[in-house]
Amino acid sequence: MLPYILFLLIFFLSGSSPVSGQVDPDKNGSLGQLSLAEKWIVQQVSSGKVADLQQHFGQGEKFRQVRARFLVKLLTDGLEGVRIPYPGIRIMQAVVTGSFDLENAEVNHWVELLDCRFQGEVNFRDCLFKKGLTLSRDQFAQKVEMQRLRVLLSANISESIFQQPLDLWRAQIGGVLIADGLRSEDASAGANFSSMTVSQAVFFRKAVFMGPVNFSGSKIGDVGLFIGTAFAGPVDFFGAEIGSQLVIMQGQFRAAANFGNVHVGSQFIADGARFHHPSEPVNFNGLRVSHSAAFRGTAFAGPVNFVTAAIGSELQFDGARFENTSQEVNFNNLKVSQHAFFRGANFHGPVDFIGADIGGEFVAIKSRFLYPSQAVNLKEIKVGATAYFWEATCSGGIDLSGAKLLNATIGFAAENSGSIIGLTLENAIVERVLRIEHIQIGQLAARKLTVKDGAYLTGVRFQEKADLRETSFSLLNFQEVAWPDRDDSLWLEGMTYQSVSAGEGGDDWKVLLGWLDQGRYDSRNYNLLETFFKQGGHKDRADAVFIQGKRRQVQEKWWRPDNLATLFFWDLLAGYGRRPERTFWISLVIVFIGMLVFDERNFDPTFVSQWNWLRQEGKAKTVVFRFFLSLDQFLPGIDLGLAKLWQLSQISFRELVYYHFHKISGWILIPIGLAAIYSQFK
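What counts, and where the lines are drawn
Residues numbered from 1 in each chain as written. Predicted model: local features only at pLDDT ≥ 70, side-chain atom pairs only at ≥ 80, totals over all residues. Heavy atoms only, no water. Helix = DSSP H or I, 4+ residues; strand = E, 2+ residues; numbered from the N terminus. Contact = heavy atoms within 4.5 Å. Core = buried A, V, L, I, M, F, W, Y, C linked by side-chain atoms within 4.5 Å. Buried < 20%, exposed > 50% of the residue type's maximum accessible area, 1.4 Å probe, protein only. Pairing = 2+ DSSP bridges.

We now examine the environment of Gln142. As for its placement among the helices and strands, Gln142 is situated in the loop between strand S12 (139–140) and strand S13 (144–145). Remark: the alpha-carbon pair of Gln142 and Ser99, spanning 43 residues in sequence, is separated by 9.1 Å. Ignoring anything within four residues of it in the chain, the contact list for Gln142 reads Phe118, Gln119, Gly120, Glu121 and Gln164.

With that settled, consider the nonpolar core. Formed by 167 residues in total, the largest nonpolar core has its most connected members in Phe268 and Phe362. In terms of residues, this core owes the most to one element, helix H4 (residues 68–75), which gives six residues. Excluding its chain neighbours within four sequence positions, the residues that come into contact with Phe268 are Leu246, Ile248, Phe259, Phe284, Leu287, Val289, Ser292, Ala293, Ala294 and Phe295.

All right, on to the pairing of strand S60 (residues 433–437) then. Of all five residues that make up S60, four are buried, and the element is covered over most of its length. For strand S57 (residues 404–411) and S60, the ladder comprises four bridges, and the chain directions are parallel. From the neighbouring strand, Thr409 faces S60, where its bridge partner is Arg435. Note: S60 against strand S62 (residues 450–458), five bridges, orientation parallel. Along S62, the bridge assignment pairs Arg435 with Tyr456.

With that settled, consider unusual backbone geometry. Cis geometry marks the peptide bond from Tyr86 to Pro87, where omega comes out at 15°. Residue placement: Pro87 occurs in the loop between H4 and strand S3 (89–92). Phi angles above zero are rare outside glycine, and Asp77 is one such case at about 60°. In this fold, Asp77 is placed in the loop between H4 and S3. Phi is positive for Arg170, close to 60°, though the residue is something other than glycine. Tracing the chain through its elements places Arg170 in the loop between strand S17 (166–167) and strand S18 (172–173). Relative accessible area serves as the criterion here: at 44%, Arg170 is assigned to the partly exposed category.

Structure representation (C-alpha cells):
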C-alpha cells in the first residue's frame, strides 16, 4: 500500500503525467483529462509492457476503471505523442465504462484485452485489426456487435462471457479463432457467427451457449473443434464449409441442431455427442464429408435426418443410440463411398435406408432395431460389398425389397440362434453369395429374388410362410432347414436354379423332393428338378421326381373318374411311362399263372393227336408248350396258333373266370407297356 500512496503523492505534487512524454488533453478532443489508470496504461503500453491494472491498483474496481473512449483513442493511435511499440497493446483486469465503439476503425497494433469487464455495448462493426485481437477471459455486460469485423491475423475470445447477444456476422479472421471455454448467456438472440470466414482453425472446446447459435454459411479453412461444447438452444451450421475436420465430440445439444448441406473437407467426428431433445430434429440433410464421419457412442433422443448425406470414405455409428420410440431415423439416399458401420447400435424407433448407396460393407453386427411395428426399411439400398445383419435384433423384421447387394449375410452363430418376425427380399439382387444361418423367420417374402452365385441356408426355420416365387439362383443349398408346415404356406412357383442341394448325404435328393411336395403345386418345379438330376446322370432320381410331379398333378382332383383311372393304370402300373418294367413283370407273373391253368388236355383231340412229342409227356416240352399257350391267350391281337385250338367248353367255372382275367389283363397291360416304352423313346 505504501508504494501506491507515494505514487499518488508524487503525481499530484508534480502536476505532471506519469508517462514518458506529455499527453495534452486539448489535443485529445473530448477525451479530457486521463485518469490515473488510463495514464498508467499509456505508460506501460508505451514501454512495451503489459498493463495489469489489478496487479498495480489492487482489487478495487474504482481505480481500475477505464473509459471506452480512451481505449478507442489508444487503439486507433488517437493519443497525441503516444507511440506504441511491439508487441502492441496489452491490458489486463480493466473495467471498461461506456460504449466501446470501433465501427469502421483501423487498428494497427496487436491488441490483447484480458480479464477485462465491459459495462457498455461493444461495437466492432466493419473494424479492421491489421494484426491480432485477443479478448480472452473478458466479461461483456451488453451486446457485442462485430459484424464484418476483419482481423488479419488470429482472434482469441476464449473463456469470455457474453451476457447479451454476440454477433460476428460476416466477420473475417485471417488466422485462427480461439473461443475455448466461451460462455454466451443470452437465451433469446444468442450468438451469431453466420457467414463468418476463418482462414485457419476455430476452437470452441468446452464453450457454453445458453441460447441459439448460428454458424450457417460460415467458412473455416482448417479444423473446427467443438469438443465438449454445450448448446442449450438451437444450433445452425447449415451450409457451413470446413476445410479439414469438424469435431463435435462429447458435445451436448439440448435443442434442434442443423448440419444440413455442411461441407467438410476431411472428417466429421461426433463421437460421444448427445442430442437431448425428444422432438426437435437433428438435421444432416445434404451433409458432405470428403473422408469419414464418426458418430461412435452418439446418442439421439429425437428425430434424425441424414437424407442425401454423402460420405467420401467410412461412416461409423458403432454403439450409437437412437432413443426415440416413435420418431424416424432417416437415411434415405445416403451415399457412403466405402463402409457403413452400425455395430452395436440401438434403434428404438423406425429407421429408413431407402435408396442408400454404400460402396463397401454395410455392417449391422449385434445391432438392435427395437421398433416392433415396422421392419428395418432398406428398400432399394445398394451395397458394394457384404451387407451384414449378424446377431442383430430386428423386432419388426428386415425389408430389403429391391436391394442390390454384392453379398449378404443374415443370421446368428449356431450357439446363439435368434429370430425375426419377417424377412423381405422381393426383387432384390445379390451379385454373389447370400447366407442365412441359424435363425427363425416368421415370414419370408422373396418373390423375384435373384442370387447370381450361391444361396446358402443353414439351420433356418420358417414358421408361417415362405414365398420364393419366381426366384433365381445359380446355386441353392439348404441344410437343416425347416419349411413352414401349414397348408398353402410354401410358395415355389416359377423358381429357377442351375444347381440345388439339400446336404451332402446320398439321400439329399429325397429331401429336395419332399421340399417340392411340401410347397404349392407347380409342374415347373418338378420339371426343373428332373432336368437337374438328368444332367447330373441320375436318371433314377429324375424319374422319381417326374412320377411324383405327375402324381401330384392328378391328385389335385383325384376324385374325378379319369384321374382315378390314371392313378391306377398309368401311375401304379407304369409310373407315368417311366417304369415300363412294371408291366413286364406283372405280365410275366400272369403268364406263369396261366401255365398252371391252361392244360393241354383241353386242346382239340384231332389236332393234338398228331403231336407225338406232346403225347410222350416230356416234362420240359410240356412246360414250353404251356408257356406259349398262356402267352397266346395273354397277348391281344397276336395269334401264336395255340389259343384258338384250346376248347373253353371243357374247363371249370374257376378256370373260366381266370381265363377272362387273363385276357383282360393282356388287353390292359400290353397297351400300357407299349405306351410306356414309346414314352421312353419320345
